[in-house]
Amino acid sequence: MLTFAFKRLLTAIPTLLVLLALAFALIRVAPGGPFDAEKELPPEIEARLNEAYHLDEPLYQQFGRYLGGLLQGDFGPSFQYKDYTVTELISAGFPVSLKLGGLAMLLALLVGLSMGTWAALHQNSRTDHAVMALAMTGISIPVFVMAPLLILFFAVQLRWLPAGGLGDGGWANLVLPVVSLALPQIAVVARLTRGSMIEVLRSDFIRTARAQGLPQREIILGHALKPALLPIVSYLGPATAGIITGSVVIEQIFGVPGLGRYFVQGALNRDYTLVMGVVVFYGVLIILFNFIVDLAYRWLDPRVKL
Amino acid sequence: MSNAQLKGAGLWADAWRSLRRNRAAMVALYLMMTVVVLVLAAPLLSPFSIDSTDWDQISIAPSLSTQHYFGTDDVGRDLFIRTLYGGRISLMVGLVATLVSLIIGIAWGATAGYVGGRTDQFMMRIVDVLYAMPFMFFVILLMVFFGRNIFMIFIAVGAINWLDMARIVRGQTLSLKKKEFVEAARAGGVSSFNIVRRHIVPNLLGIVVVYVTLTIPQVILVESFLSFLGLGVQEPMTSWGALVNDGAQAMESAPWALIFPAVFLALTLFCFNFVGDGLRDALDPRDRQERS
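Parameters at a glance
Residues numbered from 1 in each chain as written. Chains lettered and ligands numbered in written order. Predicted model: local features only at pLDDT ≥ 70, side-chain atom pairs only at ≥ 80, totals over all residues. Heavy atoms only, no water. Helix = DSSP H or I, 4+ residues; strand = E, 2+ residues; numbered from the N terminus. Buried < 20%, exposed > 50% of the residue type's maximum accessible area, 1.4 Å probe, protein only. Contact = heavy atoms within 4.5 Å. Areas by Shrake-Rupley, 256 points an atom, 1.4 Å probe, with all protein chains shown as cover. Lys, Arg positive; Asp, Glu negative; His and termini not counted. Charge placed at Lys NZ, Arg CZ, Asp CG, Glu CD. Phe/Tyr/Trp six-rings, centres within 6.5 Å; stacked < 30°, edge-to-face > 60°. Axes fitted to C-alpha atoms, helices over the stretch in contact; angles between N-to-C directions. Parallel < 35°, antiparallel > 145°, perpendicular 65-115°, else oblique. Left-handed = near helix turned anticlockwise from the far one by under 90°. Nonpolar A, V, L, I, M, F, W, Y, C, P; charged D, E, K, R; others polar. Core = buried A, V, L, I, M, F, W, Y, C linked by side-chain atoms within 4.5 Å. Buried area = accessible area lost by both parts, 1.4 Å probe. Salt bridge = Lys/Arg side-chain N within 4 Å of Asp/Glu carboxyl O. Polar contact = N/O pair within 3.5 Å; in protein donor to acceptor, adjacent residues only side chain to side chain. Expected span 1.5 Å × (residues − 1). pLDDT = per-residue confidence, 0-100.

1. Structural notes on the overall build of chain A
Thinking step 1. In terms of regular secondary structure, chain A is built from twelve helices and zero strands.
Thinking step 2. The order of α-helices and β-strands along chain A, N terminus first, is α-α-α-α-α-α-α-α-α-α-α-α.
Thinking step 3. Its C-alpha atoms give chain A principal-axis dimensions of roughly 85 × 55 × 30 Å.
Thinking step 4. Within chain A, the proportion of its 306 residues that are buried is 45%.
Thinking step 5. Considering only contacts within chain A whose residues lie at least 6 apart along the sequence, 73% involve residues at least 24 apart.
Thinking step 6. Surface accessibility of chain A: about 15500 Å² in total, with carbon and sulfur atoms responsible for 65%.
Thinking step 7. Seen as two clouds, the 22 positive and the 20 negative side-chain charges of chain A have centres 16 Å apart.

2. Thoughts on the overall build of chain B
Thinking step 1. For chain B, the helix and strand inventory stands at 13 helices and zero strands.
Thinking step 2. Counting from the amino terminus, helix and strand elements in chain B follow one another as α-α-α-α-α-α-α-α-α-α-α-α-α.
Thinking step 3. Structurally, chain B occupies a C-alpha span of about 80 × 50 × 30 Å along its principal axes.
Thinking step 4. Split into buried and exposed, the 292 residues of chain B put 49% on the buried side.
Thinking step 5. Of the contacts made within chain B by residues no fewer than 6 positions apart, 70% connect residues no fewer than 24 positions apart.
Thinking step 6. For chain B, the accessible surface area stands at approximately 14200 Å², while carbon and sulfur atoms represent 63% of it.
Thinking step 7. Seen as two clouds, the 23 positive and the 21 negative side-chain charges of chain B have centres 16 Å apart.

3. Quick look at the packing of aromatic side chains
Residue and element names in this part refer to chain A.
Thinking step 1. Applying the stated criterion to the full structure yields eight aromatic pairs over all chains.
Thinking step 2. Consider the rings of Phe 24 and Phe 63, whose centres lie 4.9 Å apart with planes at 55 degrees: the pair is tilted. Taken together, the residues span a long stretch of sequence, with Phe 24 in helix 1 (residues 2-29) and Phe 63 in helix 3 (residues 59-71) at a distance of 39 residues.
Thinking step 3. The buried category is assigned to Phe 24, whose relative accessible area is 8%.

4. Side note on the packing of helix 7 (residues 135-145) of chain B against helix 8 (residues 150-177) of chain B
All names here are of chain B.
Thinking step 1. Running from N to C, helix 7 and helix 8 cross one another at 165 degrees; their axes reach a closest spacing of 10 Å. On the basis of their axis angle, the class for helix 7 and helix 8 is roughly antiparallel. Classified by chirality, the crossing of helix 8 by helix 7 is right-handed. The segment helix 7 lies against helix 8, with Phe 135, Val 139, Leu 142 and Met 143 engaging Met 152, Ile 153, Ala 156, Ile 160 and Leu 163.
Thinking step 2. Each residue belonging to the contact of helix 7 with helix 8 can be placed in one class, and the counts come to nine nonpolar, no polar and no charged.

5. Details of the nonpolar core
Thinking step 1. Grouped together as the largest cluster of nonpolar side chains are 156 residues, with contacts concentrated most on Phe 263 and Val 279 of chain A together with Phe 138 and Leu 141 of chain B.
Thinking step 2. If you tally residues by element for this core, the top one is helix 12 (residues 256-283) of chain B, at 15 residues.
Thinking step 3. If near-sequence neighbours (up to four positions away) are discounted, Phe 263 of chain A is found in contact with Val 275, Val 278 and Val 279 of chain A together with Phe 137, Ile 140 and Leu 141 of chain B.

6. Regarding the interface of chain B and chain A
Thinking step 1. Between chain B and chain A, the contact holds 39 residues from the first and 45 residues from the second.
Thinking step 2. Roughly 3600 Å² of surface becomes buried between chain B and chain A when both sides are summed, with 84% attributable to carbon and sulfur atoms.
Thinking step 3. Seen at the junction of chain B and chain A, the total is one salt bridge.
Thinking step 4. Residues Arg 191 of chain A and Asp 277 of chain B are paired through a salt bridge, measuring 2.9 Å at the closest nitrogen-oxygen approach.
Thinking step 5. In this assembly, chain B and chain A are joined by three residue pairs in polar contact (both at pLDDT 80 or more).
Thinking step 6. Sorting the residues of the side of chain B that touches chain A by element identifies helix 6 (117-131), helix 7, helix 10 (192-228), helix 11 (240-249), helix 12 and helix 13 (285-291) of chain B as the ones contributing at least two each.
Thinking step 7. The dominant element in the side of chain B that touches chain A, judged by the number of residues it contributes, is helix 12 of chain B, at eleven residues.
Thinking step 8. Per-class residue counts for the side of chain B that touches chain A are 29 nonpolar, three polar and seven charged.

7. Quick look at the pattern of salt bridges
Thinking step 1. Across all of its chains, the model carries six salt bridges over all chains by this definition.
Thinking step 2. Arg 194 of chain A serves as the salt-bridge partner of Asp 128 of chain A, at 2.7 Å between the closest nitrogen and oxygen. Within this pair, whereas Asp 128 of chain A is found in helix 5 (residues 126-140), its partner Arg 194 of chain A is found in helix 7 (residues 171-201), the two being separated by 66 residues in sequence.
Thinking step 3. For Asp 128 of chain A, a relative accessible area of 0% translates into the label buried.
Thinking step 4. Given a relative accessible area of 18%, Arg 194 of chain A falls into the buried group.
Thinking step 5. Each of Arg 125, Asp 128 and Arg 167 of chain B takes part in salt bridges that share partners, so that together they form one network.

8. Notes on unusual backbone geometry
Residue and element names in this part refer to chain A.
Thinking step 1. Positive phi outside glycine occurs at Asn 124, with the angle close to 65 degrees.
Thinking step 2. The topology assignment puts Asn 124 in the loop between helix 4 (86-121) and helix 5.
Thinking step 3. The exposure class assigned to Asn 124 is exposed, which follows from its relative accessible area of 52%.

9. Quick word on helix 1 of chain A
Thinking step 1. A rise of 1.5 Å per residue sets the reference length of helix 1 of chain A, with its 28 residues, at 40 Å; its end C-alpha atoms lie 41 Å apart and thus fit the reference within 8%.
Thinking step 2. Those residues of helix 1 of chain A that fall on the buried side of the exposure criterion are Phe 4, Ala 5, Arg 8, Ala 12, Thr 15, Leu 19, Leu 20, Ala 23, Phe 24, Leu 26, Ile 27 and Arg 28 of chain A.
Thinking step 3. Buried residues along helix 1 of chain A sit against helix 3 and helix 12 (272-300) of chain A together with helix 6 and helix 7 of chain B.

10. Brief notes about the side chain of Thr 117 of chain A
Residue and element names in this part refer to chain A.
Thinking step 1. You can see Thr 117 is positioned in helix 4.
Thinking step 2. A polar side-chain atom of Thr 117 sits 2.6 Å from the main-chain carbonyl oxygen of Leu 113.
Thinking step 3. If we skip the residues at most four places from it in the chain, Thr 117 touches Thr 193, Met 197 and Ile 220.

11. Considerations on the side chain of Ser 101 of chain B
Thinking step 1. Relative to the helices and strands, Ser 101 of chain B resides in helix 5 (residues 79-115).
Thinking step 2. If near-sequence neighbours (up to four positions away) are discounted, Ser 101 of chain B is found in contact with Gly 158, Asn 161, Trp 162, Met 165 and Thr 215 of chain B.

12. A few points about the confidence of the model for chain A
Thinking step 1. The predicted model of chain A has a mean per-residue pLDDT of 81, with 93% of residues at 70 or higher.
Thinking step 2. Confidence, expressed as mean pLDDT per element, reaches its minimum in chain A at helix 2 (residues 43-52) of chain A with 74 and its maximum at helix 4 of chain A with 88.

13. Notes on the environment of Ile 220 of chain B
Thinking step 1. Inspection of the secondary structure assignment puts Ile 220 of chain B in helix 10.
Thinking step 2. Each residue touching Ile 220 of chain B, except ones within four places of it in the same chain, is listed here: Ser 90, Leu 91, Gly 94, Leu 265, Thr 268, Leu 269 and Phe 272 of chain B.

Pasting the structure below:
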């Protein structure tokens, strides 16, 4: 297990380097710069600014400097939010995004797993078809369609929940963003669970368990759940990525001050370091998460060799 | 034995028969065709054009008598015609970008699978590395930096989606190469060209068709996601995502501006997903054995 973890971590290094290089190159070849403004700056001031931020150096040198900073956990200063470092901005925005995303993921797993298992146990019944049609609807309605519709219904019409913002950070403000973020993931998890559960329930060891007269609960929770979880575990990687990109939109719609908003704003303002910081941060997060998922997969299914 | 009996049911005839039995998929297929026809026939159905503004009829509710079937937006443009034209863009992006990802994916996957060995390992390692990238962020960057060009959307979206295709095609090619029926054909003296044509391609095609049907909605989703962030197509052209974005901003006073495009978008995605699912069931030989 340890050697596997070590090997797997080694393969993450080229991935990380490609990520850094791609993001850096993409941001730097873009037309426009961070100091573009309505009123053009005098050339000598622009030169001094470029010098101060090391933008006058050749690109490879800047890239090297950036990597050096990263190794010390320094994402550099933000171009747009003066007096803030990108590290500060990320550590201010991420907890909010994490809370939203984490709750959404939890909700998706809980509801998705139970819905999928329920449908599998009642395969081809009317409830099964209803659950699956509902799941398909969930997959087909994009986050940014669902969120305004939820606001329209629950906040504007019924006035049950606030339409946006974080308020005092209470639960009421979190319900709509978390639910809209979780819905598509619930749908996917439910479909995956149903499929794998049906397959597992047909297998010999479940038949044996049934023949021994074990109660249904025991069969599902004690025997069927673990192998049925495999596809869901491997979906966790894409799910995280989905929730992260979804949160960019959700934070925009609900006016939540998370990391996603910084990203879009930063890109529009050519805030090189901020954009780079968010991409790298999320990239590392996804790589790390995939690593954990691989470990979990191996633990669930010892037959997997890598 | 007559010739007709010898011919037997081909893969596609068989698939079609089983798809026809799937009521949900058939309803979705007809709905999808209706949307496509509506979108194509758009200019014949409404007296308005997409960018003609009418300052006397700002944000009016849907009504048959004014011929603004879906109402108007906040500068008095007819939303019926804009929704249908938006559909043209969304569907076109879906088709073209899927085609781009299909071409790259098949070429990459088939090469890796067919050549095998070290080339295969190297090519698939690249796919693995790219797989871990937060691509949505790159696409957003591309759109922000290089303008809201529709060709950029094709390229950007196609460039993300080929990874899955490459993996699927490679896996399929690898396993097909070793199948008994390919060996039998080879032993029977069939030329490799004919083996590929008669045995490998048709078997690849099933999964490719399924995959295409399932990729198109994903691509439409990505495009509308970009348009929603204000990074998609430019005015006066529009797409479903852009319309949803506009509608969401005016939803308290003019909910129809949100609801009609949202319904069209969701309905289309729904149909594609259902047809894709139905096709997968119809073309999956494993399932067919279980049913018979």
